[in-house]
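Here's the letter readout for the chains.
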Amino acid sequence: VQAHRLCPPRGAGSSLEPEERSMEPPAVPEEEEEEEEGAVPLSMAPGPVGCQLFGYVGIEAVLDQMKIKTMKTGFEFNIMVVGQSGLGKSTMVNTLFKSKVSRKSSQPGQEERIPKTVQLQSITHVIEEKGVKMKLTVTDTPGFGDQINNENCWDPIIKYINEQYERYLREEILITRKRKIPDTRVHGCVYFVPPTGHWLRPLDLEFMRRLSKIVNVVPVIAKADTLTLEERAEFKQRIQEDLKTHTISVYPQEDFDQDPEDRALNDRIREKIPFAVVGADQEHQVNGKRVLGRKTKWGIIEVENPAHCEFPLLRDLLIRSHLQDLKDITHNVHYESYRVRRLNESNRPG
């Protein structure tokens, strides 16, 4: 029976006989050695990196498969809003998703009281648009920064974020785990800066310094319509200087840019941060069109008009262009750091 030759891997030596395999290194063949009768000469030249197709294969159909699967199963997105009372956090969330998804909207008729301590309240909704379902969880932080003594008021927020990492980690290390682990991790934290027009407060700096290490922090200037255009530009420049001076890395972080195209896009975004936003969940008639805006004595402030505020930039960042990137950085960077730290702690002797 003629022995068949097996094609060796790229860079290997001679062929292997299927019936007998030697553990000794193969002998180096002489240059003048004749080829065995009937054997096919092997080419050891490495193949090209890319391969040009002669016709349509259908590889691009994987995108349609991913889209169909996502439309069936849906996806999760968890956002946290942090700031003092009266800065329009609930209104901003309603404006982002064009629906009543905030804590106040879900609990109408209840008297709003400022809690004595920071309390975290989460509301979950399922939003559907063009067949795509998104399980949205909005976490509000009433009581943050509203007290006379705001020392360590960020501790409950840090504790909540780490608890979600811990919950995901416990599900992940199970021997028999679920096919899809419920994801309650916070993917983005929108921090509302009061429109003072001055420098950042020590509370703002300390919060972003601590939270930027464990979650994606996106700072915004709340109620930017209370500032003139000159005050807004000067305030934004001062905030950028404060962040740079205190080495606070807010989202999108420069260290996580994947390629030159992403870096160019994120550089343009970083020039605009913090976004000067205005929120409104009521529609008004402007030139025969229904627009979201705030009505004042001198006119209507259109929240989706880039000439009036930078709300469209915030919406595009959180939903249209960087939503998946927010989830990826949360999983691959922030959660991974927590997982490594927890596993190292559990492996310590004693």
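Our subject is the structure that appears above.
A few points on the structure. (Residues numbered from 1 in each chain as written. Predicted model: local features only at pLDDT ≥ 70, side-chain atom pairs only at ≥ 80, totals over all residues. Heavy atoms only, no water.)

1. Section: the side chain of D183
In step 1: Tracing the backbone through its elements, the reader meets D183 in the loop between α4 (155-172) and β4 (188-193).
In step 2: Here R185 takes part through its side chain, which lies 2.8 Å from a polar atom of the side chain of D183.
In step 3: For D183, the residues in contact, after removing those within four places along its chain, are E76, N78 and Y168. (Helix = DSSP H or I, 4+ residues; strand = E, 2+ residues; numbered from the N terminus. Polar contact = N/O pair within 3.5 Å; in protein donor to acceptor, adjacent residues only side chain to side chain. Contact = heavy atoms within 4.5 Å.)

2. Considerations on unusual backbone geometry
In step 1: With an omega dihedral of 0 degrees, the bond running from Y251 to P252 counts as a cis peptide bond.
In step 2: One can find P252 in the loop between α6 (229-245) and α7 (260-272).
In step 3: In this chain, I273 is followed by P274 through a cis amide linkage whose omega measures 0 degrees.
In step 4: Mapped onto the elements of the fold, P274 is located in the loop between α7 and β6 (275-276).
In step 5: At T247, a position not held by glycine, the phi torsion is positive, near 50 degrees.

3. With respect to the packing of aromatic side chains
By convention here, two paired aromatic rings are described through the distance between centres and the angle between planes.
In step 1: The full count for this structure, using the stated rule, is 6 aromatic pairs.
In step 2: Between the aromatic rings of F144 and Y191, the centroid separation amounts to 6.1 Å while the plane-to-plane angle is 85 degrees, which identifies the pairing as edge-to-face. On the criterion of sequence distance, the pair formed by F144 in the loop between β3 (132-140) and α4 and Y191 in strand β4 is long-range, its members being 47 residues apart. Each of the two residues, F144 as well as Y191, counts as buried. (Phe/Tyr/Trp six-rings, centres within 6.5 Å; stacked < 30°, edge-to-face > 60°. Buried < 20%, exposed > 50% of the residue type's maximum accessible area, 1.4 Å probe, protein only.)

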